[in-house]
Amino acid sequence: MRLRRYWDRQADSYDRQMAFAERRFFADTRPWLCGQAVGDALEVAIGTGLNLAHYPDGVRLTGVEWSAPMLAVARRRADDLGRQVDLQQGDARALRFADGRFDTVVCTFALCGISDERIALAELARVLRPGGLLLLADHVASSSWPVRVLQGLVDAVTVPLSGEHYRRRPLRRVRAMGFTVERHERFRLGIIERLAARKPDLTGP
Ligand SMILES: C[S@@+](CC[C@H](N)C(=O)[O-])C[C@H]1O[C@@H](n2cnc3c(N)ncnc32)[C@H](O)[C@@H]1O
């Protein structure tokens, strides 16, 4: 609950706080990732909806976010964009959707801050249909060891303060779950990582 309240307090200033990181670090990650979404798509930990403008028109989007104030900003953004989206308050670690419900599942810059990211990733995989596409982007452990050392020092402050981890690497878990990584890019000293991975389809002939 403490972490959720932290995000509640960030809602009004989040977009401003992110503006520098968006320009300096993320490059075209939001359009790169969301442009690959198809069919029924779920975005988990949608925040203030910074990805909303980047989904193709035909995508039927559902968004889940546990902070009501963050969700309220996402709702306003969806209205401003004239974008139909089913926005729901919920926890990434216990999604209220049936197995295999979505063609695409998206999560950006949130697995770094979700406690029990393994449980969250397992939930993302569960609600994705066999053969469906998982789209992830995050800041991760750098490919440069001096930067990783620095990230460890930053973690010592941010993990207790805001639950933010700078040295996670969801890609490893995605591979361990048997997904096929179809597109993968890593840049800015390996700190930003984005990927599209296909869930195994064991239902075929
Ligand atoms: C850094 S923000 C990222 C927001 C958005 N995905 C983006 O790309 O701008 C992290 C978001 O994850 C949400 N969050 C953290 N833990 C969560 C959980 N267990 N379930 C749902 N949302 C969660 C926070 O409330 C916050 O909105």
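Criteria and cut-off values
- Residues numbered from 1 in each chain as written.
- Predicted model: local features only at pLDDT ≥ 70, side-chain atom pairs only at ≥ 80, totals over all residues.
- Helix = DSSP H or I, 4+ residues; strand = E, 2+ residues; numbered from the N terminus.
- Rg over C-alpha atoms; globule rule 2.2 N^0.38 Å.
- Buried ≥ 20, exposed ≤ 12 C-beta atoms within 10 Å, placed from the backbone.
- Contact = placed C-beta atoms within 7 Å.
- Pairing = 2+ DSSP bridges.
- Core = buried A, V, L, I, M, F, W, Y, C linked by C-beta atoms within 7 Å.
- Axes fitted to C-alpha atoms, helices over the stretch in contact; angles between N-to-C directions.
- Expected span 1.5 Å × (residues − 1).
- Bend = angle between axes of the 7 residues up to and from the residue.
- Near = placed C-beta within 6 Å.
- Nonpolar A, V, L, I, M, F, W, Y, C, P; charged D, E, K, R; others polar.
- Right-handed = clockwise from strand over helix to strand, strands pointing away.

Engineer: Outline the overall build of the protein chain, listing residues and values.
Structural biologist: When helices and strands are tallied, the protein chain shows seven helices and seven strands. Walking the protein chain from its N terminus toward its C terminus, one meets helices and strands in the order α-α-α-β-β-α-β-β-α-β-α-α-β-β. For the protein chain, whose C-alpha radius of gyration is 16 Å, the value lies close to the compact-globule estimate of 17 Å for 205 residues. Here the C-alpha coordinates of the protein chain stretch approximately 50 × 40 × 30 Å along the principal axes. Across the 205 residues of the protein chain, 39% fall into the buried class. Relative to all contacts within the protein chain whose residues are 6 or more apart in sequence, the contacts with residues 24 or more apart total 67%.

Engineer: Help me get a handle on the pairing of strand 3 (residues 85–89), residues and values and all.
Structural biologist: Sheet faces and side chains relate simply in a regular strand, where the side chains alternate between the two faces. One ladder, built from five bridges, connects strand 2 (residues 60–65) with strand 3; its direction is parallel. Residue pairing in the sheet places Thr62 in a bridge with Asp86 of strand 3.

Engineer: Go over the nonpolar core with me, naming the residues and quoting the values.
Structural biologist: Core analysis: the largest hydrophobic core is formed by 47 residues, its most contacted members being Val44, Val105, Leu124 and Leu134. Looking at this core element by element, the count peaks at six residues for strand 5 (residues 128–139).

Engineer: Outline the sheet that holds strand 5, supporting the account with residue identities and numerical values.
Structural biologist: Reading across from one edge, 3-2-1-4-5-7-6 is the order of the seven strands in this open sheet, with mixed pairing throughout. Every other strand in the sheet has two partners, leaving strand 3 and strand 6 (180–187) as the edge strands with one partner each. Strand after strand, the sheet turns through a mean of 15 degrees between neighbouring axes, direction not considered. Where strand 5 meets strand 7 (residues 192–198), seven bridges bridge the pair, whose relative direction is antiparallel.

Engineer: Outline helix 2 (residues 14–26), listing residues and values.
Structural biologist: Helical periodicity: at 3.6 residues per turn, an α-helix aligns residues three or four positions apart in one direction. In this model, helix 2 (13 residues) spans only 15 Å end to end at C-alpha, well below the 18 Å of a helix rising 1.5 Å per residue. Along helix 2, the sharpest kink reaches roughly 25 degrees, centred on Phe20. Burial within helix 2 is sparse, with just one of its 13 residues counted as buried. Backbone geometry just downstream of helix 2 places Ala27 in the positive-phi region, at approximately 50 degrees.

Engineer: Can you explain unusual backbone geometry? Please cite residues and give values.
Structural biologist: Even without glycine at this site, Ala27 takes up a positive phi of about 50 degrees. Along the chain, the position of Ala27 falls in the loop between helix 2 and helix 3 (29–34). The backbone phi angle of Ala45 is positive, close to 60 degrees, even though this residue is not glycine. For Ala45, the location among the structural elements is in the loop between strand 1 (40–44) and strand 2.

Engineer: Explain the site of the ligand to me, and be specific about the residues and the numbers.
Structural biologist: With respect to spatial proximity, 17 residues lie near the ligand, and among them Trp7, Ala45, Gly47, Trp66 and Ala92 are the closest. When the residues that make up the shell around the ligand are grouped by side-chain class, the tally is ten nonpolar, four polar and three charged.

Engineer: Which residues make up the pairing of strand 5, and what values do they have?
Structural biologist: Across the twelve residues that make up strand 5, a large majority, nine, are buried. Where strand 4 (residues 102–108) and strand 5 come together, six bridges link them in parallel fashion. Residue pairing in the sheet places Thr108 in a bridge with Ala137 of strand 5. Traced from strand 4 through helix 5 (residues 117–127) to strand 5, the parallel crossover comes out right-handed.

Engineer: Now, about the environment of Leu95: what can you tell me, with residues and values included?
Structural biologist: By secondary structure assignment, the location of Leu95 is in the loop between strand 3 and strand 4. Note on Leu95: 20 C-beta atoms within 10 Å, which makes it buried. Distance in space between the C-alpha atoms of Leu95 and Val127 is 8.0 Å, their sequence separation being 32 residues. Excluding residues that lie within four positions of it along the chain, Leu95 makes contacts with Val64, Gly90, Glu123 and Val127.

Engineer: Tell me about the environment of Pro56, residues and numbers included.
Structural biologist: As for its placement among the helices and strands, Pro56 is situated in the loop between strand 1 and strand 2. Note on Pro56: 11 C-beta atoms within 10 Å, which makes it exposed. On a C-alpha basis, the gap between Pro56 and Gly39 in space is 9.7 Å, while along the polypeptide they are 17 residues apart. In this structure, Pro56 is in contact with Gly35 and Ala37, ignoring residues within four places of it in sequence.

Bear in mind that shape data such as this cannot, by itself, settle questions of function.
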